[in-house]
Amino acid sequence: LAIVDSGGLPQDMGYMLDSLGDNESIGTGYSAHPKLDPDTGELHAMCYDWANLQDHIRYVVVDADGEWADELEIPLPGMPMIHDMSLTRNYAVIYDLPVTLSFMAMGTGASFPFRWDNDHEPRVGLLPRNGTAQDIIWSPVKPNYAYHPMNAYEDSDGNVVIDIVRYEKMFDQ
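Quick summary incoming for the structure in this document. Predicted model, so just to flag it, every value in this text is computed and none were measured.

**Brief notes about the pairing of strand E6 (residues 68–75)**
The pairing of strand E5 (residues 56–62) with E6 spans 7 bridges and is classified as antiparallel. Bridge pairing in E6 places Val60 opposite Glu71. Hairpin remark: E5 followed by E6, antiparallel, with 5 residues in the connecting loop; positive phi at Gly66, about 85°.

Here it is in structure tokens:
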């Protein structure tokens with residue numbers, strides 16, 4: 001697959017990197033950073049699509065054979081830019097941070113429709129891998145933005161530890 005952030009469909013690619021067209025089995029939008037579970041071969045992704053999903057994201061699991069296996073809708077306020085996620089043995093980690101869809105930016109013709117939102121409450125969610133949206137454990141965090149988590153795991157006490165570079169603000173225009 002060739003993948004893109006925030007709304008584009010994955011493109012099926014041939015052996016010679018020729019495009020075989022849209023992969024519509026994964027649904028609207030996908031993620032630039034799915035996570036592979038090395039134990040199951042599953043591919044996990046938090047998918048946002050600002051043009052079509054303005055009140056929720058999709059947690060999508062593709063099985064080891066490349067077939068759609070599961071999908072869960074997660075309601076979120078303000079359509080945050082969910083650029084990446086983390087995966088541990090028991091949790092999919094959601095980064096609900098204060099860079100959100102800006103209708104003001106869209107109205108002025110900006111090519112990038114997301115901006116820093118001081119009113120969006122930043123939080124990190126732990127979704128049990130076989131849970132529902134109601135099972136998410138939300139933890140408030142200091143305002144920040146993060147693109148690419150480097151590692152996430154559960155320690156011997158059951159705490160989720162995340163190695164990530166955070167920025168105090170991003171897209172504050």
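**Regarding the packing of aromatic side chains**
Considering all chains together, one arrives at 6 aromatic pairs under this definition. Summarising the aromatic geometry, the rings of Phe112 and Phe114 are spaced 5.6 Å apart at their centres and angled 50° between planes, so their arrangement reads as tilted. A residue is classified by how much of its surface remains accessible, and Phe112, at 29% relative accessible area, is partly exposed. Classification of Phe114 as buried rests on a relative accessible area of 1%. On the numbers, 6.4 Å between centres and 85° between planes, the contact of Tyr147 with Phe171 is edge-to-face. Placement of the pair is Tyr147 in the loop between strand E12 (137–140) and strand E13 (151–154) and Phe171 in the segment after strand E14 (160–163), with a sequence separation of 24 residues. Taken as a pair, Tyr147 and Phe171 share a single burial class, namely buried. One aromatic cluster in this structure is built from Tyr48, Phe112, Phe114, Tyr145, Tyr147, Tyr167 and Phe171. Taking the ring centre of Trp138 as reference, the NZ or CZ of Arg123 above it sits at 3.6 Å.

Parameters at a glance
- Residues numbered from 1 in each chain as written.
- Predicted model: local features only at pLDDT ≥ 70, side-chain atom pairs only at ≥ 80, totals over all residues.
- Heavy atoms only, no water.
- Pairing = 2+ DSSP bridges.
- Helix = DSSP H or I, 4+ residues; strand = E, 2+ residues; numbered from the N terminus.
- Phe/Tyr/Trp six-rings, centres within 6.5 Å; stacked < 30°, edge-to-face > 60°.
- Buried < 20%, exposed > 50% of the residue type's maximum accessible area, 1.4 Å probe, protein only.
- Lys NZ or Arg CZ within 6 Å of the ring centre and 35° of its normal.

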